[in-house]
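Residue strings, one per chain:
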Amino acid sequence: QVQLVESGGGLVQPGGSLRLSCAASGIKFSIYSMGWYRQAPGKQRELVARITTGGITNYADSVKGRFTISRDNAKNTVFLQMNSLKPEDTAVYYCNAAGSNGFWGQGTQVTVSS
């Protein structure tokens with residue numbers, strides 16, 4: 001079966017960094033655009049970052065310049081490097097393959113707090 005498994009979330013101080021990983025199985029990873037979404041309490045789920053099969057990236061304005069999405073097709077893994085974290089980055093982060101109608105991971109909690 002298709003599985004997307006996130007890891008790397010946790011509690012971090014403002015200004016700190018985290019690196020999220022998403023390991024995919026059960027899909028032909030290299031043919032899917034991959035993305036990271038997040039959902040904070042009381043808010044809608046939003047796209048944070050996306051990377052195409054060709055390596056083209058796009059980011060939400062709120063994270064541009066701070067977050068970097070990357071992928072390693074040989075390892076079926078997509079990453080989200082998060083730097084200069086802010087309290088407003090606190091959310092559950094979800095790995096996604098092929099957009100809204102595609103596949104989703106279970107989510108990993110990121111909490112930015114002092």
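Residues numbered from 1 in each chain as written. Predicted model: local features only at pLDDT ≥ 70, side-chain atom pairs only at ≥ 80, totals over all residues. Heavy atoms only, no water.

Asker: How should the sheet that holds strand 8 (residues 77-82) be read in this particular structure?
Answerer: Adjacent strands of a sheet pair through backbone hydrogen bonds, lying either parallel or antiparallel. Spatially, 1-3-8-7 is the arrangement adopted by the four strands of the open sheet, whose pairing is antiparallel. The sheet terminates laterally at strand 1 (3-7) and strand 7 (67-72), the two strands that pair on one side only. For this sheet the average axis-to-axis angle between neighbouring strands, irrespective of direction, equals 15°. As paired strands, strand 3 (residues 18-25) and strand 8 are joined by six bridges and run antiparallel to one another. Across the sheet, Leu-20 pairs through a bridge with Leu-80, a residue of strand 8. (Pairing = 2+ DSSP bridges. Helix = DSSP H or I, 4+ residues; strand = E, 2+ residues; numbered from the N terminus. Axes fitted to C-alpha atoms, helices over the stretch in contact; angles between N-to-C directions.)

Asker: Any chance you could explain the state of the cysteines here in plain terms?
Answerer: Scanning the model with the defined rule gives one disulfide in all. Between the sulfur atoms of Cys-22 and its disulfide mate Cys-95 the distance is 2.0 Å. Residues Cys-22 and Cys-95 share a disulfide whose torsion about the S-S bond is about -85°; that sign makes it left-handed. Residue Cys-22 is found in strand 3, and its partner Cys-95 is found in strand 9 (residues 91-97); the two are separated by 73 residues along the sequence. Using a relative accessible area of 0% as the deciding quantity, one classes Cys-22 as buried. Look at Cys-95 and you get buried, because its relative accessible area is 0%. (Disulfide = S-S within 2.5 Å. Buried < 20%, exposed > 50% of the residue type's maximum accessible area, 1.4 Å probe, protein only.)

Asker: Which parts of the structure should I look at to understand the nonpolar core?
Answerer: What tends to happen in soluble globular proteins is that the nonpolar side chains get buried as a cluster. By size, the foremost hydrophobic cluster in this structure holds 29 residues, and its most contacted members are Trp-36, Val-78, Leu-80, Met-82 and Tyr-93. Of all the elements in the fold, those that place two or more residues in this core are strand 3, strand 4 (34-39), strand 5 (46-51), strand 7, strand 8, strand 9 and strand 11 (108-112). (Core = buried A, V, L, I, M, F, W, Y, C linked by side-chain atoms within 4.5 Å.)

Asker: Could you clarify how one ought to interpret the packing of aromatic side chains in this entry?
Answerer: For any pair of aromatic rings, geometry is given as the distance between the ring centres together with the angle between the planes. Applying the stated criterion across every chain, the model contains two aromatic pairs. Here the guanidinium or amino end of Arg-19 rests over the ring plane of Phe-79, the centre of that ring lying 3.9 Å away. Stacked on the ring of Trp-104, the Lys or Arg Arg-45 has its end atom at 4.7 Å from the ring centre. (Phe/Tyr/Trp six-rings, centres within 6.5 Å; stacked < 30°, edge-to-face > 60°. Lys NZ or Arg CZ within 6 Å of the ring centre and 35° of its normal.)

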